[in-house]
Amino acid sequence: MAFTIPDPHPRDQDAPTAPPDAERAGRIEAHGIDHIPESERHGRPRELFAVWAAANVNYLSLVIGGALVLMGLSLWQALAVIVVGNLFWLLTGVLAMSGPAAGAPSEVITRAMYGVRGNRVNNAVTGWMISVCYFALNLAAAASAAFALVAKTGLPTNTAVKILVVLAIAGVTLTISVYGHALIVKLYLPITLALAAVFGVVAYAVLLHADFGYSPEARLSGVGLWATLLAGVTVIAAGPLSYTTSADFSRYLPRTASSRAVVGWTALGGFLPSVAVCSLGALAATAVDMTDPQTALERILPGWFTPVFLLALVLGTIAINALTAYSAGLALQAVGVRIRRSLSVIVDGAVASGLTLYALLVSNFLDTVSNVLQLTVILLGPATALYATDIALRRNRYDGPALMDESPASPFWYSAGVNAAGALALGAGVGAAALCVNTLYTGPIAAALGGVDLALPVGIVVTAGCYATLRLGSGRPSVR
């Protein structure tokens, strides 16, 4: 899917603007899914780099990088997969440029694609449910690192302590999310620098032990190799594709902010740290057993540094979960729940915390959730493609105030509140991807290809092609 990124105001990208009093880091953000008036817009596109970088210097990226080698790839094959998979951050950047154009979050802008009512369903599934599940999974990962940190102090890690640890991590995360956009922008630069310093030490230790010529004893070839390479790209791409809400963090920028700058700083903020940390995981897998990354890495790190490393794992997860909770709160509002954004964030955090505690103390519920989320690429790939295609067709021109209208008189009501073009294109893309997937189940096309999983590229191409055809066929591709 090729298109040019409009940049009507390239000279304004570095124009310094100060936040109004209502958007200060020490105040709870007043706005929810409502339109941000131009008088309250502020900031520069380059601030987006730290927002996305802080969320991507994390434990999960290490795990995924190591998993690629465990899947049977050589080091250099794994590194190539990491670079290709992370190129999907460009799509995250493209979606982000709709924020300044509309002065609205992604959860509202997608009314243009699905219609007012159709978008409520979209937000309930793609926005709220998936975000809460990711929040729970990340919270569980952070809790595991925190349990190890507590154990090093000599305290018992009994049930009461585990509950307190989970609630404390969730509390810090939700505090950032509740205070919202201004606090995120202010905090994430120092968090990025701190995490970069910690992972710099990890990188030094890993590079001392890594085998740069590593290749598995039984080398993959033919269909088996291609199946593994494509599976690896899909796993990596699932990260950027899960952020269909990137406009949430760019909507406060002035409408005159450079679109190219918004795309570039968002994409780089996700791409660079993800490539670096995933690559560290792959390099580490050539020296230690990355089936238990936390324990394995402790063997090659200086003893004094282990608590710092564990604390960094918790901090990185808090950073990524604060963004997730923030967007989940907006999604809950966009579904139609009449609740303040700050309260909606707390509701989301409470649900996710409950799931995490249930999983850690009662059952393996998160294992089930994790398996289900493996299938989300079937939905997230097409959803991202549809959003990006809509931006291209409209040349990134969105009427923010009109998007706020949820009545039948709304220009985005379409037919009975549903945009048939968006619904049909998404359905076609998801259906095509489901035929090609090879994760928890094997689709018929994947089976015919010997296990090669083409769900990601097929879902994206089919959705973009169908939506463009239907919109162009309506005769109003760049209007409403």
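Structure: above.
I will try to describe carefully the structure that is included in this document.

In terms of helices and strands, the protein carries 21 helices and zero strands. With the principal axes as the frame, the protein shows a C-alpha extent of 65 × 55 × 45 Å. Out of the 480 residues in the protein, the part that is buried amounts to 54%. The long-range share in the protein, meaning contacts at least 24 apart out of those at least 6 apart in sequence, stands at 85%. Summed over its atoms, the accessible surface of the protein is roughly 18600 Å², and 66% of this surface lies on carbon and sulfur atoms. One finds the centroid of the 26 positive side-chain charges in the protein at a distance of 7 Å from the centroid of its 24 negative side-chain charges.

Scanning all chains against the criterion turns up nine aromatic pairs. Across the ring face of phenylalanine 147, the terminal group of lysine 162 is positioned such that the distance to the ring centre comes to 5.5 Å.

Once that is clear, we can look at empty space enclosed by the protein. Taken as a whole, this structure holds three cavities of 30 Å³ or more when the rule is applied. The volume enclosed by the largest cavity comes to roughly 110 Å³. Around the largest cavity sit Ser106, Glu107, Thr110, Tyr114, Asn122, Asn123, Thr126, Gly127, Thr244, Thr245, Ala383 and Tyr387, which together line it. Breaking the lining of the largest cavity down by element, the ones donating at least two residues are helix H6 (106–109), helix H8 (116–152) and helix H17 (377–394). Here the element with the most residues in the lining of the largest cavity is H8; it accounts for four residues. Across the lining of the largest cavity, the residue classes tally to three nonpolar, eight polar and one charged. For the second largest cavity, the calculated volume is near 60 Å³. Lining of the second largest cavity is provided by His42, Gly43, Glu47, Leu48, Val51, His181, Val185, Phe249, Tyr252 and Leu253. Going through the elements one at a time, helix H1 (47–54) and helix H10 (181–209) are the ones with two or more residues in the lining of the second largest cavity. Examining the composition of the lining of the second largest cavity, we find that three residues originate from one element, H1, more than from any other. Here the residues of the lining of the second largest cavity sort into six nonpolar, three polar and one charged.

A word on the packing of H10 against helix H14 (residues 306–335). It is the contact of H10 with H14, at a shortest axis distance of 10 Å, that shows an interaxial angle of 150°. Considering their axes alone, H10 and H14 lie roughly antiparallel with respect to each other. Here H10 runs over H14; the crossing is left-handed. Residues His181, Ile184, Tyr188, Ile191, Leu195, Val198, Phe199 and Val202 of H10 touch H14, and the partners they reach there are Val308, Phe309, Ala312, Leu313, Leu315, Gly316, Ile318, Ala319, Ala322, Leu323 and Tyr326.

Contact geometry for helix H4 (residues 89–96) and helix H12 (residues 259–285): axes closest at 7 Å, N-to-C directions at 150°. Taken together, the axes of H4 and H12 are roughly antiparallel relative to one another. H12 is crossed by H4, and the crossing has right-handed handedness. Contact with H4, carried on its side by Trp89, Leu90, Thr92, Gly93, Val94 and Ala96, involves Val262, Val263, Thr266, Ala267, Gly270, Phe271 and Ser274 of H12 and no other residues of that element. Among the residues making up the contact of H4 with H12, the classes are represented as eight nonpolar, five polar and no charged.

Moving on: the side chain of asparagine 396. Checked against the element boundaries, asparagine 396 lands in the loop between H17 and helix H18 (400–403). Engagement of the side chain of asparagine 396 in a polar contact is seen with the backbone oxygen of methionine 97, the distance being 3.2 Å.

To continue, consider the nonpolar core. Among the nonpolar cores identified, the biggest contains 128 residues, and Ile109, Tyr188 and Leu297 are the most heavily contacted of them. In terms of residue count, H14 provides more of this core than any other element does, 13 residues in total. The residues contacting leucine 297, other than those within four sequence positions of it, are Leu62, Val206, Ala284, Met290 and Phe309. Counting five residues, the second largest nonpolar core, distinct from the first, contains Ile378, Ala433, Val437 and Ala455.

For the rest of this paragraph, the subject is the environment of isoleucine 176. Looking at where isoleucine 176 falls in the secondary structure, it is placed in helix H9 (residues 159–179). Placed 148 residues apart in sequence, isoleucine 176 and isoleucine 28 show a C-alpha to C-alpha distance of 9.4 Å. Once you skip the residues sitting within four places of it in the chain, isoleucine 176 turns out to touch Leu183, Ile184, Leu187, Tyr188, Ile318 and Ala322.

One pass over the structure, following the stated rule, counts eight salt bridges. Between arginine 251 and glutamate 29 there is a salt bridge whose closest N-O contact spans 3.0 Å. Taken as a pair, arginine 251 in the loop between helix H11 (222–241) and H12 and glutamate 29 in the segment before H1 lie far apart in primary sequence, 222 residues in all. With a shortest N-O distance of 3.7 Å, glutamate 406 and arginine 338 are connected by a salt bridge. Placement of the pair is glutamate 406 in the loop between H18 and helix H19 (420–436) and arginine 338 in the loop between H14 and helix H15 (341–361), with a sequence separation of 68 residues. Residue classification places arginine 338 among the exposed residues on the basis of a relative accessible area of 66%.

Each value, and the rule that gives it
- Residues numbered from 1 in each chain as written.
- Predicted model: local features only at pLDDT ≥ 70, side-chain atom pairs only at ≥ 80, totals over all residues.
- Heavy atoms only, no water.
- Helix = DSSP H or I, 4+ residues; strand = E, 2+ residues; numbered from the N terminus.
- Buried < 20%, exposed > 50% of the residue type's maximum accessible area, 1.4 Å probe, protein only.
- Contact = heavy atoms within 4.5 Å.
- Areas by Shrake-Rupley, 256 points an atom, 1.4 Å probe, with all protein chains shown as cover.
- Lys, Arg positive; Asp, Glu negative; His and termini not counted.
- Charge placed at Lys NZ, Arg CZ, Asp CG, Glu CD.
- Phe/Tyr/Trp six-rings, centres within 6.5 Å; stacked < 30°, edge-to-face > 60°.
- Lys NZ or Arg CZ within 6 Å of the ring centre and 35° of its normal.
- 1 Å grid on protein atoms, 1.4 Å probe; cavity = no way out; pocket = protein on both sides within 12 Å on 5 of 7 lines; lining within 4 Å.
- Points joined across faces, edges and corners; volume = space filled by probe spheres on them.
- Nonpolar A, V, L, I, M, F, W, Y, C, P; charged D, E, K, R; others polar.
- Axes fitted to C-alpha atoms, helices over the stretch in contact; angles between N-to-C directions.
- Parallel < 35°, antiparallel > 145°, perpendicular 65-115°, else oblique.
- Left-handed = near helix turned anticlockwise from the far one by under 90°.
- Polar contact = N/O pair within 3.5 Å; in protein donor to acceptor, adjacent residues only side chain to side chain.
- Core = buried A, V, L, I, M, F, W, Y, C linked by side-chain atoms within 4.5 Å.
- Salt bridge = Lys/Arg side-chain N within 4 Å of Asp/Glu carboxyl O.

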